[in-house]
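Descriptive analysis of the structure
These are the residues of each chain, in order.
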Amino acid sequence: MNYETPPLLRLCNISYSHPGTSASLLQDINFSINREHVGLIGPNGCGKTTLFQLIMGLLKPDSGTILLEGNAVTKSRDIKKLRRKLGFLFQHSDDQLFSPTVLEDVAFGPLNLGLSPDDARDVSVQTLEQLGLKDFEGRITHNLSGGEKKLVALATILAMKPQLLLLDEPSNNLDPATRERLIEILRGLDLAHIIISHDLDFLAATCTTLYTVQDGSLQRCEQKQVHSHEHIHPYGDYPHQHGT
Ligand SMILES: Nc1ncnc2c1ncn2[C@@H]1O[C@H](COP(=O)(O)OP(=O)(O)OP(=O)(O)O)[C@@H](O)[C@H]1O
Ligand SMILES: [Mg+2]
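So, here is what we can say about the structure in this document. These figures come from a predicted structure and were not determined experimentally.

Remarks on the site of ligand 1
Around ligand 1, the surrounding shell holds 13 residues, and the nearest of these are Gly45, Lys48, Thr49, Thr50 and Gln91. The side chain of Lys48 places a nitrogen or oxygen atom 2.7 Å from an oxygen atom of ligand 1. In the model, an oxygen atom of ligand 1 is placed 2.5 Å from a nitrogen or oxygen of the Thr50 side chain. Here ligand 1, which alone exposes 650 Å², has 58% of that area covered by the protein. Here the residues of the shell around ligand 1 are counted per class, giving three nonpolar, eight polar and two charged.

Encoded structure:
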């Protein structure tokens, strides 16, 4: 008999094709995560965001099972429970932010979870401060810059105290200093995460395991360790690309 504690999230043989398309976008995806820091890479259009949408119950797999702490997520109350434990940062912040002011946006989740207006306000203000957004409460969300929206969107999910973060291209639109700050924030959180990104240095700084989606399947990158490095070129800062 196996007495091991089941992982927080497990995907078993998940396959999916968008309605009206014949070929499977994702095929037989198997994956589990408990407290790890996972990076997810893959070419544009390979299905990374779709995979997050499947995990969050925004799309329904054609086959396979999603398990939360060992229990299959099937009914709407299971999905609700899953969404309380997982925080999903959308690829496009405008899809995530819908309230007139920043405070209303960040407090929306905590209020929904049943916190009193005072407690929801406190946790929202604290979370904004943690993300370097002190005094942003009254700002009009619509008028924020792209990078500010990204951080406010992150605040909306952190304020709900999730156990696992699903972050879809979180470093997009961030200037170098803000990107560095986000790295520090993520490293300082005691939270599991899966980060989709094309920014390999960002993944190197925030993740210990890397997966790739290629031709519909999810593969763990066994051979390569995620790492960042600095190097010097003899001919100065002429723009260049790196191979392998
Ligand atoms: N509702 C839909 N109906 C049909 N095809 C869709 C639908 N939504 C997305 N797609 C297609 O599914 C594929 C996967 O999209 P997805 O957004 O998951 O890619 P991605 O890996 O996140 O790409 P990127 O790196 O560009 O963000 C794309 O080819 C996209 O055009
Ligand atoms: Mg995407």
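Picking up where we left off.
Comments concerning the coordination of the magnesium ion (ligand 2)
Every protein donor of the magnesium ion (ligand 2) is listed here as Thr49 (OG1) and Gln91 (OE1), and their distances to the metal cover 2.1 to 2.3 Å. One end of the pair, Thr49, is in helix H1 (residues 48–55); the other, Gln91, is in the loop between strand S6 (86–89) and helix H3 (102–112), and 42 residues separate them in sequence. By relative accessible area, which is 24% here, Gln91 ends up partly exposed.

Focus on the pairing of S6
Where burial is concerned, the two faces of S6 agree: the one with Leu86 and Phe88 and the one with Gly87 and Leu89 are both buried. In terms of strand pairing, S6 meets strand S7 (residues 164–168) through four bridges, oriented parallel. The residue of S7 that forms the bridge with Leu86 is Leu164.

Re helix H5 (residues 146–158)
Owing to its 3.6 residues per turn, the α-helix aligns residues three or four sequence positions apart on the same side. For H5, which comprises 13 residues, the first-to-last C-alpha distance of 19 Å matches the rise-based estimate of 18 Å (1.5 Å per residue) to within 8%. The buried fraction of H5 amounts to eleven of the 13 residues, a majority that puts the element mostly inside the structure. Burial in H5 covers these residues: Gly147, Lys149, Lys150, Leu151, Val152, Ala153, Leu154, Ala155, Thr156, Ile157 and Leu158. In the core, the buried residues of H5 are packed alongside S6, H3, helix H4 (117–130), S7 and helix H6 (176–188).

What to know about the pattern of salt bridges
With the rule as written, the count across this model stands at six salt bridges. Note that Lys85 is salt-bridged to Glu69, the shortest N-O span being 3.2 Å. With Lys85 in helix H2 (residues 76–85) and Glu69 in the loop between strand S4 (63–68) and strand S5 (71–72), this residue pair connects regions lying 16 residues apart in the sequence. Residue classification places Glu69 among the partly exposed residues on the basis of a relative accessible area of 30%. The network of salt bridges with common partners includes Arg179, Glu180 and Asp199.

Describing the environment of Leu103
Note on placement: Leu103 falls in helix H3. Expressed as a C-alpha distance, the spacing of Leu103 and Gly138, which sit 35 residues apart in the sequence, is 6.3 Å. With residues near it in sequence (within four places) discarded, Leu103 still touches Arg121, Ser124, Val125 and Glu137.

A short note on the pairing of strand S8 (residues 192–196)
Within S8, five of the five residues are buried, leaving the element largely enclosed by the surrounding structure. Taking every second residue as pointing to the same face, both faces of S8 are buried, with Ala192, Ile194 and Ile196 on one and His193 and Ile195 on the other. Pairing of strand S3 (residues 37–41) with S8, which is carried by four bridges, proceeds in the parallel orientation. Its bridge partner being in S8, Val38 is matched across the sheet by Ile194. Where S7 meets S8, five bridges bridge the pair, whose relative direction is parallel.

Overview of unusual backbone geometry
Glycine aside, the phi torsion of most residues is negative, and most peptide linkages are trans. Even without being a glycine, Asp28 presents a positive backbone phi close to 50°. Within the secondary structure layout, Asp28 lies in strand S2 (residues 26–33).

Brief notes about H1
Burial of H1 is extensive: six of the eight residues sit out of reach of the surface. For H1, the complete set of buried residues consists of Lys48, Thr50, Leu51, Phe52, Leu54 and Ile55. A positive phi of about 80° marks Gly57, the residue just after H1.

What counts and what doesn't
- Positions within a chain are numbered from 1, following the residues in the order the chain's sequence is written.
- For naming, the first written chain is A and the first written ligand is 1, with later ones following in the order written.
- Selection of residues for local features in this predicted model requires a pLDDT of at least 70, selection of side-chain atom pairs for listing and counting requires 80 or more, and totals for whole chains, interfaces and linings are taken over all residues.
- As a rule here, side-chain values come from all non-hydrogen atoms in the structure, and water together with hydrogens is ignored.
- Any residue with a heavy atom positioned within 4 Å of a molecule or strand is treated as near that molecule or strand.
- Counting of polar contacts relies on pairs of N or O atoms within 3.5 Å, with two restrictions inside protein: one atom must be capable of donating a hydrogen and the other of accepting it, and residues adjacent in sequence are counted only when both atoms are side-chain atoms.
- Accessible areas in this description were obtained via Shrake-Rupley with a 1.4 Å probe; residue shielding takes into account the shown protein chains only.
- Side-chain classes are defined by residue name, with Ala, Val, Leu, Ile, Met, Phe, Trp, Tyr, Cys and Pro counting as nonpolar, Asp, Glu, Lys and Arg as charged, and the others, Gly among them, as polar.
- Nitrogen, oxygen and sulfur within 2.8 Å of a metal are treated as its donors, or within 3.2 Å for sodium, potassium and calcium (Na, K, Ca); water is not counted, so a site can appear incomplete.
- A run of H or I in DSSP becomes a helix once it reaches four residues, and a run of E becomes a strand once it reaches two; helices and strands are each numbered from the N terminus.
- Relative accessibility decides the category of a residue: with a 1.4 Å probe and only protein chains considered, values under 20% of the type maximum give buried, values over 50% give exposed, and everything between is partly exposed.
- The criterion for strand pairing is that DSSP finds at least two bridges linking the strands in question.
- Multiplying one less than the number of residues by 1.5 Å gives the expected span of a helix.
- The contact definition used throughout considers only heavy atoms, calling two residues in contact when any of these lie within 4.5 Å.
- A carboxyl oxygen of Asp or Glu within 4 Å of a side-chain nitrogen of Lys or Arg is what we treat as a salt bridge.

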